[in-house]
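Coordinate analysis (summary)
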Amino acid sequence: MTARNELRLLPWSGPEGKPCYLSTDDRDGYMSRLADNIEAVQLGTAAELLEQASETLDDQYADPENVRRLATELTGALRDVLRVATSRGRLLTADEPHGI
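For every chain, the first residue of its written sequence is number 1, and the numbers climb from 1 along that sequence. Predicted model: local features are reported for residues with pLDDT of at least 70 only, side-chain atom pairs are reported and counted for 80 or more only, and whole-chain, interface and lining totals are derived from all residues. Hydrogens and water molecules were not included; the side-chain quantities draw on all heavy atoms of the structure.

When you go through the protein residue by residue, the secondary structure sums to two helices and two strands. Going from the N terminus to the C terminus, the protein shows its helices and strands as β-β-α-α. With a 1.4 Å probe rolled over the protein chains alone, any residue whose accessible area is under 20% of its type maximum counts as buried; one over 50% counts as exposed, and the rest are partly exposed. Looking at the protein as a whole, 26% of its 100 residues qualify as buried. By definition in these notes, contact holds between two residues if any of their heavy atoms fall within 4.5 Å. Sequence-distant contacts in the protein: of pairs separated by 6 or more residues, those separated by 24 or more amount to 57%. We count a stretch as a helix when DSSP gives it H or I for four or more residues in a row; a strand needs E for two or more, and each element gets its number in order from the N terminus.

Given below as structure tokens:
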């Protein structure tokens, strides 16, 4: 995962919300697999929340407290998905040959 000395952005934060990175060339190593699994869970959760949001927004009688809770959960899911996208984008860039 550290092609051309690139670090992998992990799908969780460290103390004080700071990003965590992994330096390894072993895509099958424990930490790489753990990060892959957590990313899959985060993306699955985001998909479920998106479906729930669509249903809630279609309900003109939706309870405002439920809408607020959903917005809070969607904010967290969006943060997770953005981190996954950033991490994967960096990995794609790191795997590209220079000059392309």
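On to the side chain of R83. With respect to the helices and strands, R83 occurs in helix α2 (residues 64–95). Here the positive residues are Lys and Arg and the negative ones are Asp and Glu; neither His nor the chain ends is included. In what follows, salt bridge is the name for a side-chain nitrogen of Lys or Arg lying within 4 Å of a carboxyl oxygen of Asp or Glu. Buried and unpaired, R83 has no salt bridge, with D80 as the nearest side chain of opposite charge at 5.5 Å. The contacts of R83, once residues within four sequence positions are left out, are L9, L10, P11, W12, S13 and P19.

Glancing now at the nonpolar core. A46, L49, A53, L70 and A77 form the largest nonpolar core, which has five residues in total. Once you skip the residues sitting within four places of it in the chain, A53 turns out to touch L70 and L74. The criterion is simple. A nonpolar core is a set of buried Ala, Val, Leu, Ile, Met, Phe, Trp, Tyr and Cys residues joined through side-chain atoms within 4.5 Å.

Here we take up the confidence of the model for the protein. Note: predicted coordinates in regions of low pLDDT should not be interpreted at a detailed level. Looking at the protein as a whole, the pLDDT averages 87, with 85% of positions reaching at least 70. pLDDT measures the predictor's confidence residue by residue and takes values from 0 up to 100. Ranking the elements of the protein by mean pLDDT puts α2 last, at 88, and helix α1 (residues 30–58) first, at 95.

Attention now goes to the pattern of salt bridges. By the definition in use, this model includes four salt bridges. Salt-bridge contacts for E39 lead to R88; the nearest nitrogen and oxygen are separated by 3.2 Å. Taken together, the residues span a long stretch of sequence, with E39 in helix α1 and R88 in helix α2 at a distance of 49 residues. By relative accessible area, which is 2% here, E39 ends up buried.

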